[in-house]
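Letter by letter, the chains look like this.
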Amino acid sequence: MGLLWWFSDQPATGMGLPHPWDKGAHFLAYGLLGFLLGVAFGDFRPALLLAALYGVVDEWHQSRVPGREAFGWDLVADFLGACLGARWGGRWGAPEAFRPWRRRPGGWPRR
């Protein structure tokens, strides 16, 4: 998320990716974010929600940077990438031992 924020904070220099390749970059970046969040949460829904909300905040932030703009199609690419990444990441979620916020069906393990 910090790397995405840093990229969004760079003023426009005219050296950006041409259209439509920029949408592919959005899709891949948010796909990776969704995947990592899906693995961390072990569930599709919170990973997608957090990645999509971050996409909205990041586009708003980018609209405030001199020479940069925010586009609705960028948000669509962000959301679709996050959706696919979160779906894949949720399949390979972190083991139960690494998710202490999830209660086991049989109760908390005894130490």
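Residues numbered from 1 in each chain as written. Predicted model: local features only at pLDDT ≥ 70, side-chain atom pairs only at ≥ 80, totals over all residues. Heavy atoms only, no water.

- As recorded by an unreviewed UniProt entry, the chain carries the name VanZ family protein and is attributed to Thermus brevis.

A few points about the packing of aromatic side chains
Step number 1: Using the criterion set out here, one finds two aromatic pairs in the structure.
Step number 2: Both rings, one in Trp5 and one in Tyr54, keep their centres 6.5 Å apart while their planes meet at 45 degrees; by these two values the pair is tilted. Of the two residues, Trp5 is situated in helix H1 (residues 2-8) and Tyr54 in helix H3 (residues 44-63); the sequence distance between them amounts to 49 residues.
Step number 3: When the ring centre of Phe44 is taken as reference, the NZ or CZ atom of Arg87 above it lies at 3.8 Å. (Phe/Tyr/Trp six-rings, centres within 6.5 Å; stacked < 30°, edge-to-face > 60°. Helix = DSSP H or I, 4+ residues; strand = E, 2+ residues; numbered from the N terminus. Lys NZ or Arg CZ within 6 Å of the ring centre and 35° of its normal.)

Considerations on the pattern of salt bridges
Step number 1: Taken as a whole and assessed by the stated rule, the structure comprises three salt bridges.
Step number 2: Asp22 is the partner of Lys23 in a salt bridge, and the nearest nitrogen-oxygen pair spans 2.9 Å.
Step number 3: Since its relative accessible area comes to 16%, Lys23 is described here as buried.
Step number 4: Between Asp74 and Lys23 there is a salt bridge, with its nearest N and O atoms 2.8 Å apart. A residue pair is termed long-range when its members are at least 10 positions apart, and Asp74 in helix H4 (residues 72-91) and Lys23 in helix H2 (residues 21-41) qualify at 51 residues.
Step number 5: By sharing partners, the salt bridges in this structure join Asp22, Lys23 and Asp74 into a single network. (Salt bridge = Lys/Arg side-chain N within 4 Å of Asp/Glu carboxyl O. Buried < 20%, exposed > 50% of the residue type's maximum accessible area, 1.4 Å probe, protein only.)

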